[in-house]
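Overview (structure and organization)
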Amino acid sequence: MNKYSLLSMDDLSREEILAILEDAQRFNISHSDWQLPNSKALIANLFFEPSTRTHFSFCSAEMQLGCKVSDFNPDSSSVTKGETLYDTVKTFEAIGYDALVIRHPQDEYYKELENISIPIINAGDGKGNHPSQCLLDLLTIYQEFHHFEGLKVLIVGDIAHSRVATSNKIALEKLGALVYFAGPEEWRREEYKYVDLDEMISEVDVVMMLRIQKERGASLVNISNEEYLNRYGLNLKRYAMMKEEAIIMHPAPVNRGIEIDDSLVEAQKSRIFKQMSNGVLVRKAIIKRAFGYKPFKEEECA
Ligand code: NCD
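Residues numbered from 1 in each chain as written. Predicted model: local features only at pLDDT ≥ 70, side-chain atom pairs only at ≥ 80, totals over all residues. Heavy atoms only, no water.

**Considering the site of the ligand**
Neighbouring the ligand are the residues Thr 54, Arg 103, His 130, Gln 133, Arg 163, Val 164, Arg 211, Gln 213, Pro 251, Ala 252 and Pro 253. Within the side chain of Arg 163, a nitrogen or oxygen atom sits 2.7 Å from an oxygen atom of the ligand. When the free accessible area of the ligand is taken as 320 Å², the share hidden by the protein chains comes to 94%. The cavity where the ligand resides is the largest pocket. Here the shell around the ligand is composed, by residue class, of four nonpolar, four polar and three charged. (Near = heavy atom within 4 Å. Polar contact = N/O pair within 3.5 Å; in protein donor to acceptor, adjacent residues only side chain to side chain. Areas by Shrake-Rupley, 256 points an atom, 1.4 Å probe, with all protein chains shown as cover. 1 Å grid on protein atoms, 1.4 Å probe; cavity = no way out; pocket = protein on both sides within 12 Å on 5 of 7 lines; lining within 4 Å. Sits in = over half its atoms within 2 Å of the grid points. Nonpolar A, V, L, I, M, F, W, Y, C, P; charged D, E, K, R; others polar.)

**A look at the nonpolar core**
Judged by nonpolar contacts, the single largest core of 54 residues is most densely connected at Ile 17, Leu 135, Leu 138 and Ile 155. Those residues in contact with Ile 155, other than ones at most four positions away along the chain, are Ala 165, Asn 168, Val 179, Tyr 180, Phe 181, Ala 182, Met 208 and Leu 210. Membership of the second largest hydrophobic core comes to 21 residues, among which are Val 156, Val 195, Ile 201 and Val 204. (Core = buried A, V, L, I, M, F, W, Y, C linked by side-chain atoms within 4.5 Å. Buried < 20%, exposed > 50% of the residue type's maximum accessible area, 1.4 Å probe, protein only. Contact = heavy atoms within 4.5 Å.)

**Remarks on the sheet that holds strand S8 (residues 247–249)**
Strand order across the open sheet formed by four strands is S6-S5-S7-S8, with parallel pairing between neighbours. Strands with a single pairing partner mark the edges of an open sheet, and in this sheet they are strand S6 (178–182) and S8. Sheet twist, expressed as the average angle between the axes of neighbouring strands with direction ignored, equals 20°. Pairing of strand S5 (residues 152–156) with strand S7 (residues 206–209), which is carried by four bridges, proceeds in the parallel orientation. Bridge assignment links Val 156 to a residue of S7, and that residue is Met 209. (Pairing = 2+ DSSP bridges. Helix = DSSP H or I, 4+ residues; strand = E, 2+ residues; numbered from the N terminus. Axes fitted to C-alpha atoms, helices over the stretch in contact; angles between N-to-C directions.)

**Quick word on the sheet that holds strand S1 (residues 42–47)**
The strands making up a sheet associate through backbone hydrogen bonding, with each pair oriented either parallel or antiparallel. In spatial order, the strands read S2-S1-S3-S4; together these four strands make up an open sheet with parallel pairing. At either end of the open sheet lies a strand with only one pairing partner, and these are strand S2 (68–72) and strand S4 (120–125). Each strand axis lies, on average, 15° off the axis of its neighbour in the sheet, ignoring direction. Relative to strand S3 (residues 99–104), S1 runs parallel, the two sharing five bridges. Note that in S3 the partner of Phe 47 across the bridge is Arg 103.

**Some thoughts on the layout of surface pockets**
The computed volume of the largest pocket comes to approximately 410 Å³. As for the largest pocket, its lining consists of 20 residues, and the residues nearest its centre are Arg 103, Arg 163, Arg 211, Ala 252 and Pro 253. Tallied by class, the residues present in the lining of the largest pocket amount to six nonpolar, seven polar and seven charged. Size it by volume and the second largest pocket reaches roughly 230 Å³. Forming the boundary of the second largest pocket are Tyr 4, Leu 12, Glu 16, Ala 19, Ile 20, Asp 23, Ala 285, Arg 289, Gly 292, Tyr 293, Lys 294 and Pro 295. Among the elements of the structure, helix H1 (14–29) and helix H9 (272–290) are those that each provide at least two residues to the lining of the second largest pocket. No other element matches the four residues that H1 contributes to the lining of the second largest pocket. Classifying every residue of the lining of the second largest pocket by side-chain character gives seven nonpolar, one polar and four charged. (Points joined across faces, edges and corners; volume = space filled by probe spheres on them.)

Take a look at the structure:
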């Protein structure tokens, strides 16, 4: 495996996480026009699961950096003839691609790809990890509070099927934040610290809502959308209980009126669309790193 691959938040030290966040910010502030010195870099996005934000913010970041970009569609590829993931990825390496972004429904699919030598950026593995989403979440939190130590983050909803929950738990705890979970009992992960949503919501700095992952088999019997919102979602009553400076996050896509009241998606405390914009900055920093370029130095910044 290439040393610049990014597969899980376990791959990054505290210092490396902070360096990626700093680089992402500098892309915004003083290096918005920076491009890879190698303008021939070829990158392919291999999405074996549906995606809007992650796929196209990677595309946007890659094109802004001057890469040549290909998008792979499994349905019109030799995957339909039974080709394995390994053979598909090995083919991309053999035909001259320099880096790959991969999303796949299998947990830790990348364990099959240890013999691949070009960098692989994990854009989501089943219910395993989602490091680029986590980094954009961290950037959004950092822009708001300018630190992580002691921050209280409450992650709410379908925890069991969420790769976003896992990656954020790993990284936030590494950075000194306190992470709590709430949601239906059916979707708990045993080792996580669960709290009562209504007791905790007034205490936390960040409320991160998660989508119900129906495609991974999440379902609750006998519960309407309205009841889900009232029991486990962010409704107007809970919004009113949040601290003055607290923020709402959601990786999206959002099921409006189920995880979160429709009117709160763009409420004053919501950073949901800010997260998406931050996704491009963070992915630029991730791709820059994948090609072996160091973070911008202090003195290079305006
Ligand atoms: C998340 C994902 O795919 O894991 N979305 C995303 O990448 N923006 C969460 C989700 O789909 O619910």
